[in-house]
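Listed here are the chains, written in short residue letters.
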Amino acid sequence: SQYSAVDTNPLSVYIMQPIWNKIIKIVPLWIAPNLLTFSGFVLILVNYFLISFYDWDYTASGTSPGLVPTWVWLFSAFTTFCAYALDSIDGKHARRTQSSTPLGELFDHGLDSWATSIFVLSFFSVCSRDNGKTGVSVYTMYTYLSIVLFNFMCSHWEKYNTGVLFLPWGYDISQVVLIAAYLLTGAVGVEVWQKPFLFGYYITDALVILLIGFSLLLSFPQTLYNIHRAHLRKALKNDSLYEGLLPLVSPLLLFILLTIWVVLSPSNILAKQPRLFLWMVGVAFSNVICKVIICQMSSTRPDLFHWFLFPLALVVYASISGLLGWMEEAVLAMFTALVTAAHVHYGVCVGKQLSEHLNIYIFSLKKHIQE
């Protein structure tokens, strides 16, 4: 299927696109677009692990503001900008080198589905978790992450039904806000997040309100409106309501199971291991959404239940029933490792299959030798 995306965001159209059009001219023509996409993702990962090293449990900014060196925040701003740039020019570069392929589209959106959670998890280190005086609670973090992922899911659910990816306005705005937040933290120090800045509200409160407002008042209604318009034009790709709603079943069940674990965990697992738990949420979500993206690209039906849901349901049941006892953290760590390994393995396999099927290399513009 031909890839089509619509971007109406003024920030993107009038400010960012002209910048990307300048940057793209520097990129040598022999570089494969997927290499740009992947480099951006690697930068996001490096940044995430760097921040995790200094701030494993999200307390560094709140308890002792000097724990994370200033250069780390500046490096975060730099890597976020580079990843944002690379993610914005990979498609342009593909058209410029006439190498647009379904593999590239899947590679881009698949990595985006994972990067989305990593951006959010890195940002939490800036505002730190609640220590009674400042910071946000781990439950707010979980909710915040869930809303961001819900938004991501909506745009791909919409594409599954309409065939057009309507790029959410929130994307460009969130990237610019992230870069600004890192620069601000690098310049002023984390203290800026710990003082009320308006009417007794903290900057983090404003960001949470903005995010929820954007999601529930802009993105989600826009998705429903676009699907409704396609329905009126008889342009929907799926005839029945069941078919149309099918991709939402697994992601919603995933969030229901995770939320049950968060709320009913005897050892309060989210508060004990926020970094592990939220990472696992992001990876599990990415895998579920990748399946939807592949179905939408290949015009096939997604399974009603993603296979992840079964081991997750077992782990959640064992945790909340008290079966695991003191082993809950260890089981979370094992499950997180398993989920991450399974997701990486899945990505590698799909990439290999597509590159063989389309007769192209993933990271090179050379063609496979014809037999």
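Keep in mind the model is a prediction, meaning the values are calculated, not measured.

A.B. asks: Explanation requested: the overall build of the protein in the structure shown.
C.D. replies: The number of helices and strands found in the protein is 13 helices and two strands. The C-alpha radius of gyration of the protein comes to 21 Å, within 12% of the 21 Å expected for a compact globule of 371 residues. Expressed along its principal axes, the backbone C-alpha trace of the protein runs to roughly 60 × 50 × 45 Å. Evaluated residue by residue, the protein yields a buried proportion of 51% over its 371 residues. Of the contacts formed within the protein by residues at least 6 apart in sequence, a portion of 81% connects residues at least 24 apart. In the form shown here, the protein has an accessible surface area of approximately 17800 Å², with 71% of it arising from carbon and sulfur atoms. For the protein, the distance from the average position of its 20 positive side-chain charges to the average position of its 20 negative side-chain charges is 7 Å.

A.B. asks: Mind showing me how you'd approach the packing of helix 5 (residues 102-127) against helix 7 (residues 169-188) here?
C.D. replies: In a packed pair of helices, the relevant descriptors are the angle between the two axes and the axis-to-axis distance. At a closest axis distance of 11 Å, the pairing of helix 5 and helix 7 adopts a crossing angle of 30°. One finds that helix 5 runs roughly parallel with respect to helix 7. For the crossing formed where helix 5 meets helix 7, the hand is left-handed. Between helix 5, through Phe-119, Ser-122, Phe-123 and Val-126, and helix 7, the contact on the second element is made entirely by Gln-175, Leu-178, Ala-181, Tyr-182 and Thr-185. Here the contact of helix 5 with helix 7 is built from residues that sort into six nonpolar, three polar and no charged.

A.B. asks: Help me out: how do you make sense of unusual backbone geometry in this one?
C.D. replies: As a rule of thumb, non-glycine residues mostly have phi less than zero, and peptide bonds are mostly trans rather than cis. Even without being a glycine, Ser-128 presents a positive backbone phi close to 60°. Inspection of the secondary structure assignment puts Ser-128 in the loop between helix 5 and helix 6 (138-162). In this structure Ser-128 comes out as buried when scored by relative accessible area, which is 0%. Residues other than glycine seldom take positive phi values, yet Ser-299 does so here, at roughly 50°. Relative to the elements of secondary structure, Ser-299 occurs in the loop between helix 11 (274-298) and helix 12 (309-320).

A.B. asks: How do you make sense of helix 7 when you look at a structure like this?
C.D. replies: The periodicity of an α-helix, 3.6 residues per turn, causes residues three or four positions apart to be oriented the same way. The end-to-end C-alpha distance of helix 7, which contains 20 residues, comes to 29 Å, matching closely the 28 Å that a straight helix rising 1.5 Å per residue would cover. Buried within helix 7 we find Asp-172, Gln-175, Leu-178, Ile-179, Ala-181, Tyr-182, Thr-185 and Gly-186. Elements that come into contact with the buried residues of helix 7 comprise helix 1 (10-24), helix 2 (33-54), helix 4 (70-96) and helix 5. In the segment just after helix 7, Gly-189 is the residue with positive phi, at about 100°.

A.B. asks: I tried to follow the packing of aromatic side chains on my own but got confused; where do I start?
C.D. replies: Going through the model one piece at a time under the given rule, you end up with 24 aromatic pairs. Ring geometry for Phe-38 and Phe-363: centres 5.3 Å apart, planes at 45°, overall tilted. Remark: Phe-363 occurs in the segment after helix 13 (328-358) and Phe-38 occurs in helix 2; sequence separation between them is 325 residues. Aromatic pair Phe-41 and Trp-114: ring centres 5.4 Å apart, planes at 45°, arrangement tilted. In this pair, Phe-41 is assigned in helix 2 and Trp-114 in helix 5, connecting sequence segments 73 residues apart.

A.B. asks: Explanation requested: the pattern of salt bridges in the structure shown.
C.D. replies: Two side chains with opposite charge may pair up if their charged atoms get near one another. Following the criterion strictly, the structure yields three salt bridges and no others. The salt bridge partner of Glu-329 is Lys-272, with a shortest N-O separation of 3.7 Å. With Glu-329 in helix 13 and Lys-272 in helix 10 (residues 269-272), this residue pair connects regions lying 57 residues apart in the sequence. A relative accessible area of 46% means that Lys-272 is categorised as partly exposed.

A.B. asks: What should I look at first to understand a nonpolar patch on the surface in this one?
C.D. replies: Where nonpolar side chains cluster on the molecular surface, the patch consists of Val-13, Tyr-14, Ile-15, Ile-19 and Phe-81 and spans about 470 Å² of accessible area. Of the residues forming the nonpolar patch, the biggest block, four residues, is contributed by helix 1. Position of Ile-15 among the secondary structure elements: in helix 1.

A.B. asks: Would you mind going over the nonpolar core with me for this structure?
C.D. replies: One broad trend across soluble globular proteins is that nonpolar side chains are buried collectively. Counting residues in each nonpolar core, the largest one holds 100 residues, and the members touching the most others are Phe-123, Tyr-142, Trp-261 and Phe-277. For Tyr-142, the contacting residues outside a window of four places in its chain are Phe-255, Leu-258, Thr-259, Val-262, Leu-270, Phe-277, Leu-278 and Val-281.

A.B. asks: For this particular structure, what's the right way to read the UniProt feature "transmembrane region" (unreviewed entry) in the protein?
C.D. replies: Mapped onto this structure's residue numbering, the UniProt feature "transmembrane region" (unreviewed entry) falls at residues 26-50, 70-86, 166-187, 199-220, 241-264, 276-294, 306-324 and 330-348. With 100% helix and 0% strand, residues 241-264 has end C-alpha atoms that lie 33 Å from one another. The span residues 276-294 is 100% helical and 0% strand by assignment, and the distance between its end C-alpha atoms comes to 27 Å.

A.B. asks: Would you take a moment to explain the side chain of Asp-108 for this structure?
C.D. replies: Structurally, Asp-108 can be placed in helix 5. Within the buried core, Asp-108 has no salt-bridge partner, and the shortest N-O distance to an opposite charge, that of Arg-95, equals 8.3 Å.

The rules behind each value
- Residues numbered from 1 in each chain as written.
- Predicted model: local features only at pLDDT ≥ 70, side-chain atom pairs only at ≥ 80, totals over all residues.
- Heavy atoms only, no water.
- Helix = DSSP H or I, 4+ residues; strand = E, 2+ residues; numbered from the N terminus.
- Rg over C-alpha atoms; globule rule 2.2 N^0.38 Å.
- Buried < 20%, exposed > 50% of the residue type's maximum accessible area, 1.4 Å probe, protein only.
- Contact = heavy atoms within 4.5 Å.
- Areas by Shrake-Rupley, 256 points an atom, 1.4 Å probe, with all protein chains shown as cover.
- Lys, Arg positive; Asp, Glu negative; His and termini not counted.
- Charge placed at Lys NZ, Arg CZ, Asp CG, Glu CD.
- Axes fitted to C-alpha atoms, helices over the stretch in contact; angles between N-to-C directions.
- Parallel < 35°, antiparallel > 145°, perpendicular 65-115°, else oblique.
- Left-handed = near helix turned anticlockwise from the far one by under 90°.
- Nonpolar A, V, L, I, M, F, W, Y, C, P; charged D, E, K, R; others polar.
- Expected span 1.5 Å × (residues − 1).
- Phe/Tyr/Trp six-rings, centres within 6.5 Å; stacked < 30°, edge-to-face > 60°.
- Salt bridge = Lys/Arg side-chain N within 4 Å of Asp/Glu carboxyl O.
- Patch = residues over 30% accessible without salt bridge, like charges linked within 9 Å, V, L, I, M, F, W, Y side chains within 5 Å.
- Core = buried A, V, L, I, M, F, W, Y, C linked by side-chain atoms within 4.5 Å.
- UniProt positions renumbered as here; feature names shortened; annotations may be inferred.

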